[in-house]
Amino acid sequence: MSLKAGIVGLPNVGKSTLFNAITKQNILAANYPFATIEPNVGIVNVPDKRMDVLNEMYMPERLILAGFEFTDIAGLVKGASTGEGLGNKFLSHIREVDAIVEVVRCFDDNNIIHVEGNCDPVRDVDIINLELTISDLEIINNRLEKIEKKAMTTKDADSLIEVEALKKAKNALEQAIPLRDIEFTEEEKIKLKAFQFLTLKPIIYVANIKEDELSKDDNDYVKSLRSYAKNAKVIKMCAKVESELSELSIEDKEEMLMMLGITSSGLDDLINATYDLLGLKTYFTVGSDEVRAWTFKDGMNARDCAGIIHTDFRDGFIKAEVISYNDLITCGNENKVKEAGKLRIEGKDYIMKDGDICHFRFNR
């Protein structure tokens, strides 16, 4: 399943350093604007302790974790919506992702250039929000100019729904309210989906702080960002530290976390939060040859989830043999699950649940 989270922010706030940590790729992380022009794309593994348990239980030849794409998009600046700093190109890259991870600098350092001259998280977020808003408004105005008069004349139901949805969106954006914060009907959501509006995409903020602040309470910059973000999640981390942690073994990583005075990696928190933000869940296939976590969208049925493995599984779907992960752990092994009557036979319309362990039957 191809779902993408895009990492955005002003130039030099730590986006590429964070991307290095996420994907363990050595991409360019330089102290000047527009070091990244073409987006860098990488697959990130989703931390899941259940996989460790299944690995010990089945001792497979291969262990494959769930994953999704992170895209590092070049830094935006004022005027991006009108082409400033190659802005139109960068905005088009954001339009292609499913969720936004916005990195915000929350520390002072005279040795690292800030494109606006000084650190101010709320101002920085406002700059990006404004550019995304202007870009969305331009699309809305152009579309309304083409269809509004015709829709009112013909009274075509579909066209009228689209016009009303666009007007609602326009009114919100003109009040500086991102579309993700507006309630739309299901019909309106369908009409708006095709436009890939930037402010409609779900968002997480990363407060990038200094190493010596990791074990401390939020600094004033982080506090102001949390207050601004309202319902959006804010993950506090030091991108530089996360990049260093990503190069270590599990044992060395745990030792470094202890030295830093923290119990977990901010990167793990970000990956899991982004996974949830995208509405993603995990099911498992298990055996001596392979234990694998498969990513699916919440609400998908068994037949469509089978198709994630291979289209033949979907087209020839007969049934799914399903065991709950919790039942497997409680009972101890598959045979005991069957003896307890907890192995379920589900049809194509069964809505898959996070942690389901599946064996699909299909016509070849």
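Residues numbered from 1 in each chain as written. Predicted model: local features only at pLDDT ≥ 70, side-chain atom pairs only at ≥ 80, totals over all residues. Heavy atoms only, no water.

S.K.: Explain the sheet that holds strand E2 (residues 40-45) here, please?
M.R.: Hydrogen bonds between backbone atoms are what pair the strands of a sheet, whose relative direction is either parallel or antiparallel. Read from one edge of the open sheet, six strands run E2-E4-E1-E5-E6-E7, paired in mixed fashion. Sheet topology places E2 and strand E7 (233-237) at the edges, where each strand pairs with a single neighbour. Between one strand axis and the next, the sheet turns through 25° on average, direction left out of account. Sheet analysis places strand E1 (residues 4-8) next to strand E4 (residues 67-72), joined by four bridges and oriented parallel. Counted as the bridge partner of Ile 7 is Asp 72 from E4. (Pairing = 2+ DSSP bridges. Helix = DSSP H or I, 4+ residues; strand = E, 2+ residues; numbered from the N terminus. Axes fitted to C-alpha atoms, helices over the stretch in contact; angles between N-to-C directions.)

S.K.: Mind showing me how you'd approach empty space enclosed by the protein here?
M.R.: Regions of empty space are outlined by a rolling probe, equal in size to a water molecule, passed over the atoms. Throughout the structure, instances matching the rule amount to one cavity of 30 Å³ or more. Estimated volume of the largest cavity: approximately 30 Å³. Lining the largest cavity are Leu 10, Val 13, Glu 102, Val 103, Val 104, Arg 105, Asp 124, Val 125 and Ile 128. Of all the secondary structure elements, the ones that give two or more residues to the lining of the largest cavity are strand E5 (99-105) and helix H4 (121-154). In terms of residue class, the lining of the largest cavity is made up of six nonpolar, no polar and three charged. (1 Å grid on protein atoms, 1.4 Å probe; cavity = no way out; pocket = protein on both sides within 12 Å on 5 of 7 lines; lining within 4 Å. Points joined across faces, edges and corners; volume = space filled by probe spheres on them. Nonpolar A, V, L, I, M, F, W, Y, C, P; charged D, E, K, R; others polar.)

S.K.: Is there a simple way to explain the environment of Ala 99 in this structure?
M.R.: Examined against the element boundaries, Ala 99 turns out to sit in strand E5. Under the relative-accessibility criterion, Ala 99 is labelled buried at 0%. Note: C-alpha distance between Ala 99 and Asp 181 (82 residues apart in sequence) is 14 Å. Ala 99 has contacts with Lys 4, Ala 5, Gly 6, Pro 202, Leu 277 and Leu 278, leaving out every residue within four places of it along the chain. (Buried < 20%, exposed > 50% of the residue type's maximum accessible area, 1.4 Å probe, protein only. Contact = heavy atoms within 4.5 Å.)

S.K.: Sorry, what's going on with a nonpolar patch on the surface here?
M.R.: A cluster of nonpolar side chains, namely Val 53, Met 57 and Ile 329, defines an oily patch on the protein surface of about 200 Å² accessible area. Within the secondary structure, Val 53 sits in helix H2 (residues 49-58). (Patch = residues over 30% accessible without salt bridge, like charges linked within 9 Å, V, L, I, M, F, W, Y side chains within 5 Å. Areas by Shrake-Rupley, 256 points an atom, 1.4 Å probe, with all protein chains shown as cover. Salt bridge = Lys/Arg side-chain N within 4 Å of Asp/Glu carboxyl O.)

S.K.: Sorry, what's going on with unusual backbone geometry here?
M.R.: Glycine aside, residues mostly have negative phi angles, and peptide bonds mostly take the trans form. Phi is positive for Met 59, which is not a glycine, with a value near 45°. Along the chain, Met 59 falls in the loop between H2 and strand E3 (62-64). Residue Met 59 is classed as exposed on the basis of its relative accessible area, which comes to 62%. Of note in the backbone geometry, Lys 230 takes a positive phi value of approximately 55° without being a glycine. If you trace the backbone, Lys 230 turns up in the loop between helix H7 (220-229) and E7.

S.K.: Is there a simple way to think about the layout of surface pockets in this case?
M.R.: Of the volumes computed, that of the largest pocket is approximately 1300 Å³. In this structure, the largest pocket is lined by 42 residues; those nearest its centre are Arg 180, Thr 199, Leu 200, Lys 201 and Pro 202. When its residues are assigned to classes, the lining of the largest pocket shows 22 nonpolar, six polar and 14 charged. One number sums up the size of the second largest pocket: a volume of about 1000 Å³.

S.K.: Mind showing me how you'd approach the state of the cysteines here?
M.R.: Defined simply, a disulfide is a covalent bond joining two cysteines at their sulfur atoms. Summed over the entire model, instances satisfying the criterion amount to zero disulfides. Of all cysteine sulfurs in the structure, the one in Cys 119 sits closest to Cys 106, which takes part in no disulfide; the separation is 6.0 Å. Cys 358 supplies the cysteine sulfur nearest to Cys 331, a cysteine that is in no disulfide, at a spacing of 16 Å. Here Cys 331 falls in the buried class, since its relative accessible area comes to 17%. (Disulfide = S-S within 2.5 Å.)

Just geometry here; none of it tells us what the structure is for.
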